[in-house]
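Below are the chains, spelled out letter by letter.
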Amino acid sequence: MNLEKFHEIEPYGLSKTEKEKIFFDEMLALTEYHASKCNEYNNILCKLGIDINSIKNIEEIPYIPVRLFKMFDLKSITAEEIFKTMTSSGTTGQSVSKIFLSKENTLNQTKTLTHIISSFIGKQRLPLLLLDTEMVKKDRSMFSARGAGIIGFTTFGRNITYALDENMQLDINKVEQFLAEHNDETILMFGYTYMIWQFVVKELEKQNKHFNIKNGILFHIGGWKKLKAEAIDTISYNKRIQCVLGNVHVYNYYGMAEQLGSVFVECEHGHMHCSNYSDIIIRKPQDFSVCPTGERGLIQLLSVLPSSYPGHSILTEDEGIVLGEDDCPCGRKGKYFKILGRIKNAEIRGCSDTYEKH
Amino acid sequence: MKNIEYLIGNDNINVKPLQTFSPEACSFLNELSSVILKSPAARQYPDLSAVAFWCRKANIDKKKSIVNDYSCRLGRGLCFHIAPSNIPVNFAFSFFFSLLSGNANIVRIPSKEFEQVSVLISFIKDVLEKYPAIKERTAFVKYERDNEISESFSMIADARMIWGGDKTIEIMRNLKTKPRCIDITFADRYSICIIDAEKVLSLDDVKLKRLSENFYNDTFLMDQNACSSPQMIYWVNDNEQGRRIFWNAVEKTVKNKYHLQDAVCVDKYTKACEDSIKSGDIIDKIMYDDNYLYRCEIKEIIPNVENLRGKCGYFYEYSLNGFNNLFDVVDSKYQTITYFGIDPEKLLQAVVENKLVGIDRIVPIGKAMDIDAIWDGHNLVAELSRFINIE
C-alpha cells in the first residue's frame, strides 16, 4: 500500500468531505487485499455473507473482533516476509495478541507516528525523558507493545534518559541531572499512564519532592482501569503530574497494539482525535448499527496502516462516544471522541462450573 | 470444622436411613409446597413455583410408580450433594430426590447468591421444625471450594450426588470415600432439537407464539448454557418457509424477553468469526440480522459435531434426511432431544433399535429444563435407595 499521499498532508488537515474519498478507497483496497492474502480473513467474509463488491461506504467496511488476534495467527504475508512479530502487553494470565509486521508496515507505522506526534511537538528532536525502565527495551525475549511504544518514541528525542531503574525505582539523581542539563529547553516525556502514576507521581508525592520543569510535554498511553479504581480522572491526573513535575503539557493518547502507529491523541480540550490515517465508528451493541454523534456504543477503529495483517478495521471491546467532527475548538479536523473504558464482562447463567472458586 | 457455615442443621447429623417414600418425607414436601405457594415469592420467581408444584402430594404419589415396590427399600444412609451453582433451585431437587429415597442429606449450597435460593432455604428451615426425623437428618452447608472439607463429608457419605460437569467430577473422584459409597455424577452433556418444518407451517399464531416461548425457555432462559439446552436444530421435512416462520417467532419472543448484554453481543460475533475460521469446511453460512440470534447452517454432520457449541442464542442447524444420518454421530455426550411435530415413540424405538450410547431424554420443546427424579439416564430415587431382596 502506498501511503505517500497520507504522509504528505497535515495529519489533522482533512475535513470530512476531503477525507471521505481517499480514506474509503484505501479501506476498500485493504479489505480486498487481505481477503486475497489471508485465508482466515477471507473465510470470515465468506461465511458471514459479506460481499466486498457491494460495499458502498466506510460504514460497510467489515470489522473483525480484536480478540481474534489472540486466538489466531492472522497475517497477509508469507513467513519469509515477517520482519517482526509483536505481542500486546496483556495482563498476566491472559493470552496476548500476535501481530505480524512486514518491513513496509513497520516503516509506515514509524512514519505515521512521527507525522502525528510532530504536529504536537514540532519537527526538532527534544531532550527525551522516558518514564519507564530501560529493561523493556533490553528484554528482547518478547517484543511487546510496551517496548515497541518506548522504542517508537525515541525517534522524537535526543539525550534519551530512562527515569526508572531496573527495579522500577525512580532515579531522582539521574532525573535531576538530566533536567539541569536541559534547563532552558523544552523537555519531552513519554510513559504508560498507570506506571507514571504508580512509580513517578505517587513516589514523588511520598518523598515530598517536586521537579520544576519550565516547559515540558508529556505523552502517555495505556488503560485507566486501575486509576478509575483509585477514583482518578484526567483532570486530577494532569493536576497531580503538574504538581510534582512542573509546567507540563499532558497529552493522553489511545491506540491498540493491533493498530500501532495511527494513534489517537487527546487535544487541549480533552478530546481524542482521529487523524487522516484513522477513523472511528461507534456501534450499538445489539445490532452493530452506527450510533449517531453523542450516543455511547462499541468502538470500531479503522486505520490505513495494517498491510501485513488484517487489522485495518477492528471491533474493540471498549465503549466510547463520538463528540463531533471537524469542529473541535482546537482546530484539528476529523472526528473527535471520548473513551469510556472496557465493556462489562458477560454474566452467563447455566449449569457448568459448580464446585466454583469465588 | 473450619469455615463451614451451616444454613440448616449442624455437624451432628443422624445418618440412619428412612424408608423410601417415607410418610414423613412425603408430608414434609407437601407442606413445603403449600408454604411456597402461599408466599408472594412464588409469584415473583417462576422457578420457585415450579419447585412447589413438584412437591405437591399428587405429584409425589405419581413418582411412587418409578421405583418397583418401594416398601422393600430403604435409603442408603447419608447422601452428600455438590449442588450446581448457576441454576438456582436445582440444589433443592437434588435434596428432594435423595430425601424420597430415604437418605439423610448434607447439601453444599453454591456460594453464588440468588434471592430465590435464600427464600427457599428459609422455607425449608421453617417447615423442618415440624418434622424432627427429617430435621436431624438434614444439613445445608456453605463453604469456599475446599477439598479437605469436601473429603471429610465424602468419607462419611454412602452416596454422593455430584453436579457441575467433568471438572467437578474429576476433583470429587480424587477424594477418599467409603468402599460402598455410590456416586451419581452429572457430566458435561450435549443436547439437540428436532423440528418438523412442515408441521410448523400448520400452526396458528397462538400456537406458534407458544412454541417460540417454549423454545425460549429451553434456551435463552439459561443463556443456552445448560446441558439440556439444545445446541443444534435438526430440521425434518425441511421447508424454507417453515424455518423462517419459526425463527421469526423466536426472534419476536427473544426481543420481548431477553436481556442482551453488550459483552454477549461481542462474544457471539467473535464466535461467528471463530467458527468461520475453525470450522469453515462444515459450516455453509452464518446468518444473523442482529446480535439476538445467530444461526450457523451446517453442510454435513460428522463425528464430534457436538464440539460446535453456542451460548446465549447461537445455534447450529442442519437439514436432516432420516434419523440414521444423525444416529451415526450420536455418542455418550448426547443427553436430551427436544422435539416438535415428530412422534416421540418412533424416535424412542429408533434409539433403542440402533442401540445408541447416548440420548437419555426425549421431551417436547419447552421441557428441556424440567428436572425430575429420572434424569440424565438415572432413576435417581431407585439408585439412591437400597433394595432388600427376599426369596
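Not measured: the values here are computed from a predicted model. (Residues numbered from 1 in each chain as written. Chains lettered and ligands numbered in written order. Predicted model: local features only at pLDDT ≥ 70, side-chain atom pairs only at ≥ 80, totals over all residues. Heavy atoms only, no water.)

This part takes up the overall build of chain B. Across its full length, chain B carries 16 helices and 17 strands. In terms of C-alpha radius of gyration, chain B reaches 22 Å, essentially the compact-globule figure of 21 Å for 391 residues. For chain B, the C-alpha atoms occupy an extent of roughly 60 × 50 × 40 Å along the three principal directions. Counting across all 391 residues of chain B, residues that qualify as buried make up 58%. Put simply, 75% of the contacts in chain B that link residues at least 6 apart link residues at least 24 apart. When the accessible surface of chain B is totalled, it reaches about 16,700 Å², and 48% of it is carbon and sulfur. (Helix = DSSP H or I, 4+ residues; strand = E, 2+ residues; numbered from the N terminus. Rg over C-alpha atoms; globule rule 2.2 N^0.38 Å. Buried < 20%, exposed > 50% of the residue type's maximum accessible area, 1.4 Å probe, protein only. Contact = heavy atoms within 4.5 Å. Areas by Shrake-Rupley, 256 points an atom, 1.4 Å probe, with all protein chains shown as cover.)

A few words now on the pattern of salt bridges. Using the criterion set out here, one finds 40 salt bridges over all chains in the structure. The salt bridge partner of Asp-25 of chain A is Lys-21 of chain A, with a shortest N-O separation of 2.7 Å. Note that Asp-25 of chain A and Lys-21 of chain A are positioned in helix H2 (residues 16-37) at a spacing of 4 residues, about one turn of the helix. A salt bridge links Asp-238 of chain B to Arg-243 of chain B, with the nearest nitrogen and oxygen atoms 2.8 Å apart. The exposure class of Asp-238 of chain B is partly exposed, given its relative accessible area of 32%. For Arg-243 of chain B, a relative accessible area of 9% corresponds to the buried category. Look at the salt bridges and you will find they share partners, linking Asp-238, Arg-243, Arg-295, Glu-297 and Glu-317 of chain B into a network. (Salt bridge = Lys/Arg side-chain N within 4 Å of Asp/Glu carboxyl O.)

This next bit is on the interface of chain A and chain B. Each side of the interface is counted separately: chain A has 36 residues, and chain B has 57 residues. Buried surface at the junction of chain A and chain B, both sides included, amounts to about 4,000 Å², of which 59% is carbon and sulfur. On inspection of chain A and its partner chain B, the count reaches 1 salt bridge. A salt bridge links Asp-267 of chain B to Arg-67 of chain A; the nearest nitrogen and oxygen atoms lie 2.6 Å apart. (Buried area = accessible area lost by both parts, 1.4 Å probe.)

Residue and element names in this part refer to chain B. Read from one edge of the open sheet, 6 strands run E1-E5-E4-E3-E6-E7, paired in mixed fashion. Each end of this open sheet is capped by a strand with a single partner; those strands are strand E1 (5-8) and strand E7 (182-185). Averaged over all pairs of adjacent strands, the angle between strand axes in this sheet comes to 20°, irrespective of strand direction. Relative to E7, strand E6 (residues 159-162) is paired through 4 bridges, and the arrangement is parallel. Across the sheet, the residue bridging to Ile-162 is Thr-185, located in E7. Here helix H8 (residues 147-154) sits on the sheet in contact with E1, strand E3 (78-82), strand E4 (104-108), strand E5 (138-142) and E6, set at roughly 155° to E3. (Pairing = 2+ DSSP bridges. Axes fitted to C-alpha atoms, helices over the stretch in contact; angles between N-to-C directions.)

This part takes up the environment of Asn-108 of chain A. All names here are of chain A. Positionally, Asn-108 belongs in helix H5 (residues 103-121). We classify Asn-108 as buried; its relative accessible area is 8%. In sequence terms Asn-108 and Glu-4 are 104 residues apart; their C-alpha atoms lie 9.4 Å from each other.

Interface size, as often reported, equals the accessible area lost upon joining of the parts. Residue and element names in this part refer to chain B. Each domain of chain B was delimited in the assignment, giving domain 1 (5-186 + 376-387) and domain 2 (190-364). When each unit is reduced to the centre of its C-alpha atoms, the spacing between domain 1 and domain 2 is 32 Å. If you look at the interface, domain 1 gives 4 residues, while domain 2 gives 4 residues. Between domain 1 and domain 2, a total of about 340 Å² is buried, with carbon and sulfur atoms accounting for 58% of that surface. When the area that domain 1 buries against domain 2 is broken down by residue, the three leading residues are Ile-87, Asp-376 and Gly-377, summing to 81%. Scanning the region where domain 1 abuts domain 2 turns up 0 salt bridges. Run the count over domain 1 and domain 2 and you get 1 residue pair in polar contact (both at pLDDT 80 or more). Here the residues of the side of domain 1 that touches domain 2 are counted per class, giving 2 nonpolar, 1 polar and 1 charged. (Domains from an automatic or database assignment. Polar contact = N/O pair within 3.5 Å; in protein donor to acceptor, adjacent residues only side chain to side chain. Nonpolar A, V, L, I, M, F, W, Y, C, P; charged D, E, K, R; others polar.)

Residues and elements named next belong to chain B. Relative orientation of the contacting elements helix H3 (residues 46-55) and helix H6 (residues 115-128) amounts to 30°, with a least axis distance of 10 Å. In this structure, H3 crosses over H6, and the sense of that crossing is right-handed. Where H3 abuts H6, its residues Asp-47, Leu-48 and Val-51 lie against Gln-116, Val-119 and Leu-120. Looking at the contact of H3 with H6, its residues break down into 4 nonpolar, 1 polar and 1 charged. (Left-handed = near helix turned anticlockwise from the far one by under 90°.)

Residue and element names in this part refer to chain B. Taking 1.5 Å as the rise per residue, helix H11 (residues 205-218) with 14 residues should run 20 Å; its terminal C-alpha atoms sit 20 Å apart, in good agreement. Taken as a whole, H11 has its buried residues at Leu-208, Leu-211, Ser-212, Phe-215, Tyr-216 and Asp-218. Burial along H11 is one-sided: seen end-on, the buried residues are contained in an arc of 160°. In this structure, the buried side of H11 is in contact with strand E8 (190-196), helix H10 (197-201), strand E9 (230-236), helix H12 (240-257), strand E12 (314-319) and strand E13 (334-340). Two or three places before Val-206, at the opening of H11, Asp-204 has a side-chain oxygen 3.2 Å from that residue's backbone nitrogen. (Expected span 1.5 Å × (residues − 1). Arc of directions from axis to C-beta.)

Moving on: the nonpolar core. Nonpolar side chains in soluble globular proteins tend to end up buried together. With 143 residues, the main nonpolar core has Phe-190, Phe-219 and Leu-245 of chain A together with Met-232, Tyr-234 and Leu-326 of chain B as its most contacted residues. Once residues within four sequence positions are removed from consideration, Leu-326 of chain B is found in contact with Ile-192, Ile-194, Tyr-234, Ile-301, Leu-320 and Tyr-334 of chain B. (Core = buried A, V, L, I, M, F, W, Y, C linked by side-chain atoms within 4.5 Å.)

Residue and element names in this part refer to chain B. Although it is not a glycine, Asn-304 sits at a positive phi angle of roughly 70°. Tracing the sequence through the fold places Asn-304 in the loop between strand E11 (294-298) and E12. Residue Cys-312 is not a glycine yet carries a positive backbone phi of 60°. Residue position: Cys-312 is located in the loop between E11 and E12.

A few words now on the sheet that holds strand E14 (residues 361-364) of chain B. Backbone-to-backbone hydrogen bonds pair the strands of a sheet. The strands run either parallel or antiparallel. Residues and elements named next belong to chain B. Taken in spatial order, the 7 strands of this open sheet run E10-E11-E12-E9-E8-E13-E14, and their pairing is mixed. Strands at the two margins of the open sheet, each flanked by one partner only, are strand E10 (283-287) and E14. The sheet shows a mean angle of 25° between the axes of neighbouring strands, taken without regard to direction. Of the strands in this sheet, E8, E13 and E14 touch helix H15 (residues 344-353), which is tilted by about 165° from E14.

This brings us to the packing of aromatic side chains. Residue and element names in this part refer to chain A. Taken as a whole, this structure holds 50 aromatic pairs over all chains when the rule is applied. With a centroid separation of 5.0 Å and 70° between ring planes, the pair formed by Phe-120 and Tyr-251 is classed as edge-to-face. One end of the pair, Phe-120, is in helix H5; the other, Tyr-251, is in strand E8 (residues 246-254), and 131 residues separate them in sequence. Exposure class is identical for Phe-120 and Tyr-251. Each is buried. Between Phe-153 and Phe-156, the aromatic rings sit 5.0 Å apart at their centres with planes inclined by 65°, giving edge-to-face as the arrangement. (Phe/Tyr/Trp six-rings, centres within 6.5 Å; stacked < 30°, edge-to-face > 60°.)

For the rest of this paragraph, the subject is the pairing of E3 of chain B. Residue and element names in this part refer to chain B. Most of E3 sits inside the fold, with 5 of its 5 residues counted as buried. Neither face of E3 is open: one carries Leu-78, Phe-80 and Ile-82, the other Cys-79 and His-81, and all of them are buried. Pairing of E3 with E4, which is carried by 5 bridges, proceeds in the parallel orientation. Bridged to Leu-78 within E4 is Ala-104. Taken together, E3, helix H5 (residues 90-101) and E4 form a β-α-β motif whose crossover is right-handed. Pairing geometry for E3 and E6, over 4 bridges, is parallel. Following the sheet pairing, His-81 is matched in E6 by Met-161. (Right-handed = clockwise from strand over helix to strand, strands pointing away.)

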